[in-house]
Amino acid sequence: MLDTRQLRYFVQIVESGSLSKASRQLLIAQPALSQQLAKLEDEVGRPLLHRSSKGVTPTENGLALYHHARFMLRQLDQALSIARSDTGAIQGMVSVGLPATTVSALGLNLVRKIRERYPSILLNVVEGMSGHIGHLMRLGQLDLAVLFSSDISSELTVEPLLIEELFVLIPEHSQLVPTDRTSITIAEAAAIPLILPTGSHGLRQRIAAEFENRGLSTNVVAEVDSLSLLMNCVYDDIGATIKPMGAVMQEGARGRNWRCLPISDARFRRRNFLYSLAPERLTAAAAVVAKEVKETAQELVDSREWEGFEDNSVLKTLASTSVMI
C-alpha cells in the first residue's frame, strides 16, 4: 500500500528537479530520500524517474503518478482541514486560472465575494495567457479556469460563461481616429498602427484570420503579450489595439481615459467558457467558487455599467456582421 509520505517526497522531487534540492526543501538527508524513492518504485513496479547529471525528470509512468499524487495530497490536506474545523465551514484552497483581461473584468469582485462569504476558502488566482492557463488546467493543477475555447479537454467539465465584444481601444487624447467618430470600420482598423499580442496568442490568430478573409493586411507596429505593457504602449499613442472591455476596466483608477470603438461592419465577439475538474474530483470549495464566478459574470452582464458583455442568449440573435472569434 502506498505511503502518503512517499508520495509527498516524490512530488517534491519532481517539482525540484533533483534529489539534492528536494532533500533541502524537505529537510531530510538525501540518502534517506533516495531510500524512500526506491521503496516507492518497488511498490509501483516501474521506474518513475530518468536520472542524469543535470538532475531528474519523471518517466511517463512517473508523470502520471505525479499528477494524481498532487491531486490526492491536496484532497487529503483539505479533508483533514475540514475534519479539524470547529465550524464545519466550507474551506480549502481553490486555484482559478484567469486570462489577464478576465482578471481585470471579474477578478476584484470575485476575490471580494469569496473573502466576504467564504472566509475559510483560500482563493489562489493564477493569471496568464489562455494557452498557459489551458495547459495548467489539463494537467490538473487548477480547479477552475476561464478560457475562450470549448474543446480544451474532454476530461474536464465546461460550460458557457459569457460573450464579450472586442473594441478598437485608443486613449482619449489620441488622434489616430477623429474625435467625432463613435465606431470604426474593419478596413479603417486595418490601416491604423496596431499593437497586438504575438502570433502564438489565440486572439491574435483569430483577428489576423478575419482580416485576411476580407483581403486586408494589418499595420502591426509592435507585438506584446503583457497586457500592462501593451496598454502602456497604447496609452503612449504608439498604436491602437483590439481588446475586450476588460482591458480598460481598471484603467480609470489610474487616471487614464479611453475611447472604446466598436467595429461597425464586423463586430468581433469572443465566447468565454468556465472549465472545472470532473465532478468526482471537484471539491466543495471549488464548486462554491465556480458558482461565484458565474454569478460575478452574470452581474457584469446585467449591470450594463460596461459595454460589450452579453450572456449566451445573444447567440440566437447575432447579426450577420458579427464575427465570433
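Residues numbered from 1 in each chain as written. Predicted model: local features only at pLDDT ≥ 70, side-chain atom pairs only at ≥ 80, totals over all residues. Heavy atoms only, no water.

(A) Just the nonpolar core, in detail. In this structure, V94, I121, L161, M231, V289 and F309 are the most contacted members of the largest nonpolar core, which totals 40 residues. With nine residues, helix α10 (residues 284–303) is the largest single contributor of residues to this core. Beyond its immediate sequence surroundings of up to four residues, F309 is in contact with A105, L162, I163, E164, M245, G246, M249, L300, V301 and R304. Of all hydrophobic cores here, the second largest spans 20 residues; its members include I184, A189, I192 and A240. (Core = buried A, V, L, I, M, F, W, Y, C linked by side-chain atoms within 4.5 Å. Buried < 20%, exposed > 50% of the residue type's maximum accessible area, 1.4 Å probe, protein only. Helix = DSSP H or I, 4+ residues; strand = E, 2+ residues; numbered from the N terminus. Contact = heavy atoms within 4.5 Å.)

(B) The arrangement of the packing of aromatic side chains in detail. Tallying each qualifying case throughout the model produces two aromatic pairs. Aromatic pair Y235 and W258: ring centres 5.5 Å apart, planes at 55°, arrangement tilted. Here W258 lies in strand β10 (residues 258–262) and Y235 lies in helix α9 (residues 227–235), a separation of 23 residues in the sequence. Residue W258 is classed as buried on the basis of its relative accessible area of 13%. The ring of Y235 is capped by R256, whose NZ or CZ atom sits 4.6 Å from the centre of that ring. The aromatic ring of F148 is capped on one face by R270, whose charged end is 3.6 Å from the ring centroid. (Phe/Tyr/Trp six-rings, centres within 6.5 Å; stacked < 30°, edge-to-face > 60°. Lys NZ or Arg CZ within 6 Å of the ring centre and 35° of its normal.)

(C) Structural detail: the pattern of salt bridges. In the structure shown here, the tally under the stated rule is 16 salt bridges. The closest approach of N and O atoms between K113 and E299, which form a salt bridge, is 2.8 Å. In this pair, K113 sits in helix α5 (residues 100–117) while E299 sits in helix α10, placing the two residues 186 residues apart along the sequence. Its relative accessible area of 9% is what places K113 among the buried residues. In the salt-bridge network here, residues are joined through shared partners; they are K113, R117, K291, E292, E295 and E299. (Salt bridge = Lys/Arg side-chain N within 4 Å of Asp/Glu carboxyl O.)

(D) Unusual backbone geometry, seen in detail. For D237, which is not glycine, the phi dihedral falls at a positive 65°. Positionally, D237 belongs in the loop between α9 and β9 (241–244). You will see that R304, though not glycine, has its phi angle at about 60°, which is positive. Looking at the element boundaries, R304 is found in the loop between α10 and β12 (309–310).

(E) Structural detail: helix α2 (residues 19–26). Residues of α2 that are buried: L19, A22 and S23. Buried positions in α2, seen along its axis, are confined to an arc of 100° and lie on one side of it. α2 presents R24 and Q25 as exposed residues on the side facing more than 90 degrees away from its buried surface. As for α2, its buried residues are in contact with α1 (4–16), α3 (30–44), β1 (49–52) and β2 (55–58). Among the residues trailing α2, L27 stands out with phi positive, at a value near 60°. (Arc of directions from axis to C-beta.)

(F) Molecular detail of helix α8 (residues 202–213). End to end, α8 covers 17 Å across 12 residues, agreeing with the expected 16 Å (1.5 Å per residue, within 8%). Taken together, the buried positions of α8 are occupied by L203, R204, I207, E210 and F211. What you see down the axis of α8 is that its buried residues fit within an arc of 130°, all on one side. Seen from the open side of α8, the exposed residues pointing more than 90 degrees away from its buried face are E212 and N213. (Expected span 1.5 Å × (residues − 1).)

(G) Fine view of the pairing of strand β3 (residues 92–98). With six of its seven residues buried, β3 lies for the most part within the structure. The sheet contact formed by β3 and strand β4 (residues 121–127) spans seven bridges and is parallel. Bridge pairing in β4 links V94 to L123. Between β3 and its parallel partner β4, the chain crosses via α5, and the hand of that crossover is right-handed. (Pairing = 2+ DSSP bridges. Right-handed = clockwise from strand over helix to strand, strands pointing away.)

(H) Structural detail: the pairing of strand β6 (residues 157–171). Where burial is concerned, most of β6 is hidden: 11 out of the 15 residues are buried. Where β6 lies against strand β11 (residues 268–276), eight bridges are found, and the strand directions are antiparallel. Across the sheet, L162 pairs through a bridge with N272, a residue of β11. Summarising the sheet, β6 and β12 pair through two bridges and their orientation is antiparallel. Bridge pairing in β12 links I163 to E310.

(I) Main features of the side chain of Q36. Here Q36 is to be found in helix α3. According to the relative accessible area criterion, Q36 is buried, its value standing at 11%. Once you skip the residues sitting within four places of it in the chain, Q36 turns out to touch R5, Q6 and Y9.

(J) Region of interest: the side chain of K243. With respect to the helices and strands, the residue K243 is situated in strand β9. As a buried residue without a salt bridge, K243 has its nearest oppositely charged side chain in D225, at a separation of 7.2 Å. Setting aside its immediate chain neighbours within four residues, K243 contacts T101, E165, L166, F167, L169, P197, L203, L227 and L230. (Lys, Arg positive; Asp, Glu negative; His and termini not counted.)

These values are about where atoms sit, not about what they do.
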